[in-house]
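The chain contents come next:
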Amino acid sequence: MRLTMFSATLLGAAGVANADAPQVPSEAPYIVLSENHDEPNGYGFCIDTYGAGQSDLLQTHSCKPPSEGEPRSYAGHDTRFEYNVDTMQIVSYPFEGFCMQALIATGKSEFALLECSDHPRQKFIYDETDQTLRLNEDQTNCVVVASETVPAGPWVKRPLSLESCDEVEASLKQWSIVTE
């Protein structure tokens, strides 16, 4: 599996502002919102399964500190995702064989963690220039986070949705993909 590697430094050199970049404590791989916003630890918001461990739905959540010595399948690694350039999929690190998929209904969108397949709503393009994750089947739509943060036990979270890229503030749709 070939993965991309982007870092906050590299993205900053490309001319993308990251004044409030998160200080992610997680081990790579992970996909994090490029701006920290109001995550209280400064860890940032990583793509995450809803609730503890494997779940059918996805959100963003405070990136988590490393869990050294735990196996890849450890539920605490649920904020670790990787982007596969070859398949254009966002793949769960701890839950092997599961990918992010857009669920779209009239007036609503969510993301699920489903078995990886050739489904067109599992295909995303990472645009290095503007740091967006765009749905391949309709590249006018971006993966975005809600503007409000919600408590999540000792952490915080923000819902994910698919929105028109042109209608969303840049800091709510810019992502850093880290592989190392």
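Everything numeric in this text was worked out from a predicted model, so none of it was measured.

Here is what the cut-offs are and how they apply
Residues numbered from 1 in each chain as written. Predicted model: local features only at pLDDT ≥ 70, side-chain atom pairs only at ≥ 80, totals over all residues. Heavy atoms only, no water. Salt bridge = Lys/Arg side-chain N within 4 Å of Asp/Glu carboxyl O. Buried < 20%, exposed > 50% of the residue type's maximum accessible area, 1.4 Å probe, protein only. Helix = DSSP H or I, 4+ residues; strand = E, 2+ residues; numbered from the N terminus. Pairing = 2+ DSSP bridges. Phe/Tyr/Trp six-rings, centres within 6.5 Å; stacked < 30°, edge-to-face > 60°. Lys NZ or Arg CZ within 6 Å of the ring centre and 35° of its normal.

Draft legend 1. Expanded view of the pattern of salt bridges. For the structure on display, the rule yields eight salt bridges. The residue Lys123 makes a salt bridge to Asp118 at a minimum N-O spacing of 3.9 Å. With a relative accessible area of 14%, Lys123 lands in the buried category. Note that Glu137 is salt-bridged to Arg121, the shortest N-O span being 2.7 Å. On the criterion of sequence distance, the pair formed by Glu137 in the loop between β9 (132-135) and β10 (141-145) and Arg121 in the loop between β7 (108-115) and β8 (124-127) is long-range, its members being 16 residues apart. Using a relative accessible area of 42% as the deciding quantity, one classes Glu137 as partly exposed. The network of salt bridges with common partners includes Arg72, Glu82 and Glu96.

Draft legend 2. Main features of the pairing of strand β12 (residues 155-158). Across two bridges, strand β3 (residues 58-62) lies against β12 in antiparallel orientation. Each bridged residue has a counterpart across the sheet, and for His61 the counterpart in β12 is Lys157. Of the pairings in the sheet, the one linking strand β11 (residues 150-152) to β12 comprises three bridges and is antiparallel in character. What sits directly across from Val150, in β12, is Lys157. Counting the residues that bridge the hairpin from β11 to β12 gives two residues, and of these Gly153 lies at a positive phi of roughly 65°.

Draft legend 3. Structural detail: the packing of aromatic side chains. The tally for this structure, following the rule as stated, stands at two aromatic pairs. With centroids separated by 6.4 Å and ring planes inclined at 40°, the aromatic side chains of Tyr43 and Trp155 adopt a geometry described as tilted. Linking Tyr43 in the loop between β1 (30-33) and β2 (45-49) with Trp155 in strand β12, this pair joins segments that are 112 residues apart in sequence. Overall, Tyr43 belongs to the partly exposed group, its relative accessible area being 22%. Here the aromatic rings of Phe111 and Phe124 are separated by 6.2 Å at their centres, their planes lie at 50°, and the arrangement is tilted. Pair noted here: Phe111 is in strand β7 and Phe124 is in strand β8, with a separation of 13 residues, a long-range link. Both residues of the pair, Phe111 and Phe124, count as buried. Across the ring face of Phe45, the terminal group of Arg158 is positioned such that the distance to the ring centre comes to 5.0 Å.

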